[in-house]
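What the coordinates show
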Amino acid sequence: MHNLLLEPTFTVRQGLKVTLPGLLALLASDEIEDLTALRPHQMPAWHMFIVQLAALAMDRAAEITLPQNEARWRNLLSNLTADTGNDAAWTLVVPDLSSPAFLQPPCQPDVVWTQQVSAPDSLDVLILAKNHDLKQSQMRLAEAEDWVFALVAMQTGEGFGGKKNYGIARMNGGSSSRPMLSRVPVKSETDARLRPGAWFCRDVAIALRHRNRVLADNRFGYMSNGDIGLVWTVPWVENEQLSLAQLDPLFIEVCRRVRLMQQDHGIVAKTGISSLPRIAASEFKGNLGDIWAPIHRRDLKSLTLNEGEFDYRRMVDLLVGPDWHLPESAQKREDDRHCAILAAALARSQGRTSGYKERVIPLPDDMAGLLDTEPQIVQSSARILLDASHEVNKALRVAIALAVANGDKQALSSGDFRFADSCSDQLDKTVDRMFFQWLWPLARAKAAREVEQEKELLARQVTFLVREAIGLLKIALPTVPCSSAQRRDAERSAERFLQRQIEEHFGPLITFKAH
């Protein structure tokens with residue numbers, strides 16, 4: 001029931017559904033704008049899944065060019081599961097538990113089933129923060145495609161979910177996440193809307209090329225004859241694990257025992273436990289040759305977002321910092337035109353998720369080349385901006401704390417600075433919003449050795465920051481606790497301190513008055 005190879009399942013626009021092979025054909029032809037039922041937090045997992053699936057199918061058939069024909073894709077996908085003898089591996093509901101179903105491995109009769117859920121949301125994100133933007137079991141009237149997207153998100157992106165509920169191999173530990181860092185084709189330099197089809201074509205080509213390099217490197221233990229690409233087609237025997245030597249470098253994993261069942265009111269799912277993770281690869285810390293995963297150069301581990309954000313500091317670190325290797329999908333290709341940088345992950349910490357985190361940074365065409373050919377220029381410009389932002393923010397914090405201490409710098413205590421937290425955070429958010437709009441022109445001027453232009457840009461950017469800091473200080477001063485008799489002098493001391501600090505650090509670069 002619900003054969004994805006034959007039954008139109010995926011809504012590509014209102015009133016039009018297509019099969020899985022039909023969807024691949026549309027992507028290969030760059031004729032798709034959106035999957036209307038795909039939720040934002042499911043997008044990275046779905047993209048990685050569909051790219052790996054297409055690359056596996058093409059590699060097995062020695063296909064060189066991306067097919068744009070639904071019938072050809074159907075043959076390629078069928079060829080991936082030819083040894084199963086039927087289309088069960090592409091079917092959502094298969095009553096015979098000894099047979100695979102889509103992203104559902106064959107099970108032994110003694111599997112311990114622990115839970116039954118009636119909504120795909122309950123599979124998608126198993127442990128939720130109290131105020132997460134999605135709540136479990138809210139999607140009661142689900143369609144087949146909703147279950148597909150939920151299965152993909154869980155089986156290829158889930159972390160540790162409690163005793164005997166293990167996460168995927170492509171993350172650095174059960175409380176980590178599967179990160180994505182990619183260059184994504186967009187409509188134009190001024191229109192940052194993503195082009196799913198062009199992105200798919202780009203990453204399939206990268207995945208196929210990178211697969212050969214991973215096999216030649218052999219640091220991961222993959223073998224050229226490792227023939228398991230679709231892990232869900234292999235029986236999951238209790239106390240047995242798959243080794244990397246058995247897997248194709250593009251393997252699509254499943255981390256949980258799950259089976260969908262058809263009932264009178266619709267599809268439901270039952271989930272089971274396992275004594276071991278499905279794949280034995282914990283020593284690799286998520287570094288398994290994934291084309292989207294940033295890898296730490298020293299520790300050789302994939303990125304862990306925890307409860308953090310893709311803020312400007314982290315993005316600078318990932319793109320041009322010394323600690324991270326830029327993944328293949330984030331590197332420039334010769335035929336790249338009009339791209340953006342996309343960073344995405346589901347933030348996860350001990351026992352819960354902290355929400356889906358995503359950042360899209362428009363990337364001017366000239367900067368795309370500069371990031372690859374002369375990253376030190378971008379890094380140097382970024383460091384100038386980072387230092388300037390830090391100094392302005394630090395000066396604002398001390399100025400506010402000084403007012404709390406009645407203008408007496410000697411009386412400052414650590415507790416005084418907590419009254420500056422709100423303003424400091426607001427200023428930092430302003431920097432976060434503007435940072436890359438400032439960085440690209442600054443790096444462009446530095447690369448062209450236009451010294452005066454570089455100085456003018458920096459002066460403009462620092463002046464903007466200082467004005468923001470002055471405005472925040474004026475808002476904060478009347479609200480902070482301070483002796484009423486000394487408030488006027490304390491406020492003047494705070495304003496003078498901010499002005500002195502800015503003049504000391506930036507000198508003649510800018511001219512301003514704090515009051």
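All values reported here derive from a predicted model rather than from experimental measurement.

**Looking at the overall build of the chain**
When you go through the chain residue by residue, the secondary structure sums to 12 helices and 13 strands. Expressed along its principal axes, the backbone C-alpha trace of the chain runs to roughly 85 × 50 × 45 Å. By sequence separation, contacts in the chain at least 24 residues apart represent 68% of the contacts at least 6 residues apart. Per element, the accessible surface of the chain, about 22,500 Å² overall, is 49% carbon and sulfur. Both charge centroids of the chain, one from 60 positive and one from 64 negative side chains, sit 4 Å from each other.

**Details of helix α1 (residues 20–28)**
For an α-helix, the turn length of 3.6 residues means that residues three or four places apart are oriented alike. Burial analysis of α1 places 9 of its 9 residues in the buried class, which makes it a mostly covered element. All of the buried residues along α1 are Leu20, Pro21, Gly22, Leu23, Leu24, Ala25, Leu26, Leu27 and Ala28. Those residues of α1 that are buried are in contact with β1 (10–13), β2 (16–18), α2 (43–60), α3 (70–80) and α6 (196–217). Where α1 begins, one side-chain oxygen reaches toward the backbone nitrogen of glycine 22, 2.9 Å away; that side chain belongs to threonine 19. Looking one or two places after α1, you find aspartate 30, whose phi comes out positive at around 55 degrees.

**Things to note about the packing of α2 against α6**
Axis separation between α2 and α6 bottoms out at 9 Å; the angle between their running directions is 55 degrees. As judged from the angle between their axes, α2 and α6 are oblique. Between α2 and α6 lies a crossing of right-handed hand. Taken together, the residues of α6 that come into contact with α2 (itself represented by Met43, His47, Ile50, Val51, Ala54, Ala55, Met58 and Asp59) are Trp199, Phe200, Asp203, Val204, Ala207, Leu208 and Arg211.

**Comments concerning the pattern of salt bridges**
Applying the stated criterion across every chain, the model contains 31 salt bridges. In this structure, glutamate 143 engages lysine 17 in a salt bridge whose closest nitrogen and oxygen atoms are separated by 3.1 Å. Taken together, the positions of glutamate 143 in the loop between α4 (121–124) and α5 (144–157) and lysine 17 in strand β2 put the pair 126 residues apart, joining distant regions of the chain. Classification of glutamate 143 as partly exposed rests on a relative accessible area of 43%. Take lysine 17: its relative accessible area is 32%, and that puts it in the partly exposed class. One salt bridge connects arginine 397 with aspartate 421, and the closest N-O pair in it is separated by 3.0 Å. Placement of the pair is arginine 397 in helix α9 (residues 375–404) and aspartate 421 in helix α10 (residues 421–447), with a sequence separation of 24 residues.

**Here we look at the environment of isoleucine 50**
Structurally, isoleucine 50 can be placed in helix α2. Between the C-alpha atoms of isoleucine 50 and isoleucine 470, which are 420 residues apart in sequence, the distance is 50 Å. With residues near it in sequence (within four places) discarded, isoleucine 50 still touches Leu20, Leu24, Leu27 and Phe200.

Cut-offs applied
Residues numbered from 1 in each chain as written. Predicted model: local features only at pLDDT ≥ 70, side-chain atom pairs only at ≥ 80, totals over all residues. Heavy atoms only, no water. Helix = DSSP H or I, 4+ residues; strand = E, 2+ residues; numbered from the N terminus. Contact = heavy atoms within 4.5 Å. Areas by Shrake-Rupley, 256 points an atom, 1.4 Å probe, with all protein chains shown as cover. Lys, Arg positive; Asp, Glu negative; His and termini not counted. Charge placed at Lys NZ, Arg CZ, Asp CG, Glu CD. Buried < 20%, exposed > 50% of the residue type's maximum accessible area, 1.4 Å probe, protein only. Polar contact = N/O pair within 3.5 Å; in protein donor to acceptor, adjacent residues only side chain to side chain. Axes fitted to C-alpha atoms, helices over the stretch in contact; angles between N-to-C directions. Parallel < 35°, antiparallel > 145°, perpendicular 65-115°, else oblique. Left-handed = near helix turned anticlockwise from the far one by under 90°. Salt bridge = Lys/Arg side-chain N within 4 Å of Asp/Glu carboxyl O.

Everything listed here is a matter of coordinates, which is why it stays silent on function.
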